[in-house]
Amino acid sequence: MLGAPTDDDAGQRPAAAAVDRPVRRDGVPRARPEKLRDGGVFPLYADLHGMPPALFTIGELDPLLDDSLFMAARRRAAGAVSELAVWPESPHGFVGMTPPAGPLAQRRINAWVKALPAIRDYRAAVSVR
């Protein structure tokens, strides 16, 4: 489960530009320019073939929304099972917040995790064909 992942340290996403301050560089303070497109540092640029299933849970008002949209699309293009849940009128970190969206999102995430064996069985059946 991925909640509001930061995938692009360059701040090139429109939603990231909407915040008052730059999106922080997750794990890479003062990254050298050549590292900004390194798939080992920022997953948006990584080889995503063979990745396990992922559920992207993101709020519509989250400044990192575009990163989740791009990453989910890239994973799907690479053949990885990727689900995207965009929650209306929800800010960054809403999953841990009070009702209504937080608890609903938590239940959705729990149901998705419980269904993981079925997802693996489906992927195995599809790849056998």
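Residues numbered from 1 in each chain as written. Predicted model: local features only at pLDDT ≥ 70, side-chain atom pairs only at ≥ 80, totals over all residues. Heavy atoms only, no water.

### Some words on the overall build of the protein chain
Now for step 1: Counting secondary structure elements, the protein chain contains four helices and three strands.
Now for step 2: Helices and strands in the protein chain line up, N terminus first, as β-α-β-α-β-α-α.
Now for step 3: Considering the protein chain as a whole, with its 129 residues, one finds that 36% of them fall into the buried category. (Helix = DSSP H or I, 4+ residues; strand = E, 2+ residues; numbered from the N terminus. Buried < 20%, exposed > 50% of the residue type's maximum accessible area, 1.4 Å probe, protein only.)

### Topic: the environment of P88
Now for step 1: Structurally, P88 is set in the loop between β3 (82-87) and α3 (101-114).
Now for step 2: As a C-alpha pair, P88 and A101 span 13 residues in sequence and 8.6 Å in three-dimensional space.

### Thoughts on the pairing of strand β2 (residues 54-59)
Side-chain direction in a regular strand flips from residue to residue, so the side chains alternate between the two faces of the sheet.
Now for step 1: β2 sits mainly inside the fold: six of its six residues count as buried.
Now for step 2: Across the two faces of β2 the burial is the same, with A54, F56 and I58 and L55, T57 and G59 all buried.
Now for step 3: The pairing of β2 with β3 spans six bridges and is classified as parallel. The residue of β3 that forms the bridge with L55 is E83.
Now for step 4: Regarding the hand of the β-α-β motif, the stretch spanning β2, helix α2 (residues 65-77) and β3 is right-handed. (Pairing = 2+ DSSP bridges. Right-handed = clockwise from strand over helix to strand, strands pointing away.)

### Focus: the packing of aromatic side chains
Now for step 1: Taken as a whole, this structure holds one aromatic pair when the rule is applied.
Now for step 2: When the ring of W87 is compared with that of F94, the centres are 6.0 Å apart and the planes differ by 45°; the resulting orientation is tilted.
Now for step 3: By relative accessible area, W87 is classed as buried at 17%. (Phe/Tyr/Trp six-rings, centres within 6.5 Å; stacked < 30°, edge-to-face > 60°.)

### What to know about the pattern of salt bridges
Now for step 1: Under the counting rule described, the total for this entry stands at one salt bridge.
Now for step 2: With a closest N to O distance of 2.8 Å, R108 and E83 form a salt bridge. Here R108 is found in helix α3, whereas its partner E83 is found in strand β3, with 25 residues between them in sequence.
Now for step 3: The partly exposed category is assigned to E83, whose relative accessible area is 27%. (Salt bridge = Lys/Arg side-chain N within 4 Å of Asp/Glu carboxyl O.)

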